[in-house]
Amino acid sequence: MNMEDNFDQLKNSWKAARKEHQAPSRPDMLQTIKAKYNKSKTAHIWNAAILGLVVIGLAAFFYFLAPMQETLSRIGIGLMIGGLIVRIIIELVSHQKANTIDYAAASNESAEQARNFYAYRKRIHGPVTITIIALYTIGFYALTPEFSKYFSSFWMWMMDGSYLVIGVILFLGIRKGVVQEMKDLKQITELQNSLSEA
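Basis of the calculations
- Residues numbered from 1 in each chain as written.
- Predicted model: local features only at pLDDT ≥ 70, side-chain atom pairs only at ≥ 80, totals over all residues.
- Heavy atoms only, no water.
- Helix = DSSP H or I, 4+ residues; strand = E, 2+ residues; numbered from the N terminus.
- Buried < 20%, exposed > 50% of the residue type's maximum accessible area, 1.4 Å probe, protein only.
- Contact = heavy atoms within 4.5 Å.
- Areas by Shrake-Rupley, 256 points an atom, 1.4 Å probe, with all protein chains shown as cover.
- Polar contact = N/O pair within 3.5 Å; in protein donor to acceptor, adjacent residues only side chain to side chain.
- Salt bridge = Lys/Arg side-chain N within 4 Å of Asp/Glu carboxyl O.
- Axes fitted to C-alpha atoms, helices over the stretch in contact; angles between N-to-C directions.
- Parallel < 35°, antiparallel > 145°, perpendicular 65-115°, else oblique.
- Left-handed = near helix turned anticlockwise from the far one by under 90°.
- Nonpolar A, V, L, I, M, F, W, Y, C, P; charged D, E, K, R; others polar.

Draft legend 1. Molecular detail of the overall build of the protein chain. The helix and strand tally for the protein chain stands at six helices and zero strands. Seen in sequence order, the protein chain has helices and strands lined up from the N terminus as α-α-α-α-α-α. Burial statistics for the protein chain: of 198 residues in total, 39% are counted as buried. Long-range contacts, defined here as pairs at least 24 residues apart, represent 82% of the contacts in the protein chain between residues at least 6 apart. Accessible surface, the protein chain as shown: approximately 11900 Å² in total, 67% of it carbon and sulfur.

Okay, structure coming up:
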């Protein structure tokens, strides 16, 4: 039985127990909450680590292989690396916020913490992420004028076009992870709410 099936079974058992006025099986439910939160927190660290490697790779590329000289290009590099650094900070802050949630408690306070964290991550995956991606894209294409001095039109089209292709692939991969995270957080929030109402 996978974690999703286990969660649904626990939730249904909890509802049935409440209807029959029986004592709820809180340890199992709290264990499920803890497992899902740990999964979410691990994802934050992995995201930060991967983005950190990308920042190091970009910095090394522009410092050693392609030191850009024009102001527009340097602004572009700043937008690209700066956007990634902001996202790294967001992931680390998210990890810290998740650590402050008392998922072992079954109280109105812990339920409120879960709801607030869910709303926070929803904002991060919405307007905040869209803004960062937009700035990164602007930064990438700001490099085009200077790169065009050294590469033919064919290679410039290849470079600019490949960004779109890679962007779509990354978007689909990232979206899958985001959808799963939000689903997990929503389930945690619902379970915390149920526990706090008991």
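Draft legend 2. Layout of the side chain of Glu91. Note on placement: Glu91 falls in helix H3 (residues 71-99). What makes Glu91 buried here is its relative accessible area of 0%. Engagement of the side chain of Glu91 in a polar contact is seen with the side chain of Asn47, the distance being 3.2 Å. At 2.9 Å, the side chain of Glu91 and the side chain of Arg87 are in polar contact. Among residues more than four places away in sequence, those in contact with Glu91 are Ala43, His44, Asn47, Ala48 and Arg121.

Draft legend 3. Seen up close, the side chain of Ser73. Relative to the helices and strands, Ser73 resides in helix H3. Polar side-chain contacts of Ser73 include one of 2.6 Å to the side chain of Glu146. Among residues more than four places away in sequence, those in contact with Ser73 are Met68, Ala142, Leu143 and Glu146.

Draft legend 4. Structural detail: the pattern of salt bridges. Evaluation of the coordinates by the stated rule reveals five salt bridges. A salt bridge links Lys149 to Glu70, with the nearest nitrogen and oxygen atoms 2.2 Å apart. In this pair, Lys149 sits in the loop between helix H5 (144-147) and helix H6 (153-197) while Glu70 sits in the loop between helix H2 (26-65) and H3, placing the two residues 79 residues apart along the sequence. Glu70 sits in the partly exposed class, given a relative accessible area of 23%. In this structure, the salt-bridge partner of Glu112 is Arg115, at a minimum N-O distance of 2.6 Å. Placement of both Glu112 and Arg115 in helix H4 (residues 108-142) is noted, with a separation of three residues, approximately one turn of the helix. By relative accessible area, which is 35% here, Glu112 ends up partly exposed.

Draft legend 5. Local environment of the packing of H3 against H4. Interaxial distance between H3 and H4 falls to 7 Å at its minimum, and their mutual angle equals 165 degrees. Relative to H4, the element H3 is oriented roughly antiparallel. Our pair here, H3 against H4, has a crossing hand that is left-handed. When the residues that make up the contact of H3 with H4 are grouped by side-chain class, the tally is 18 nonpolar, seven polar and four charged.

Bear in mind that shape data such as this cannot, by itself, settle questions of function.
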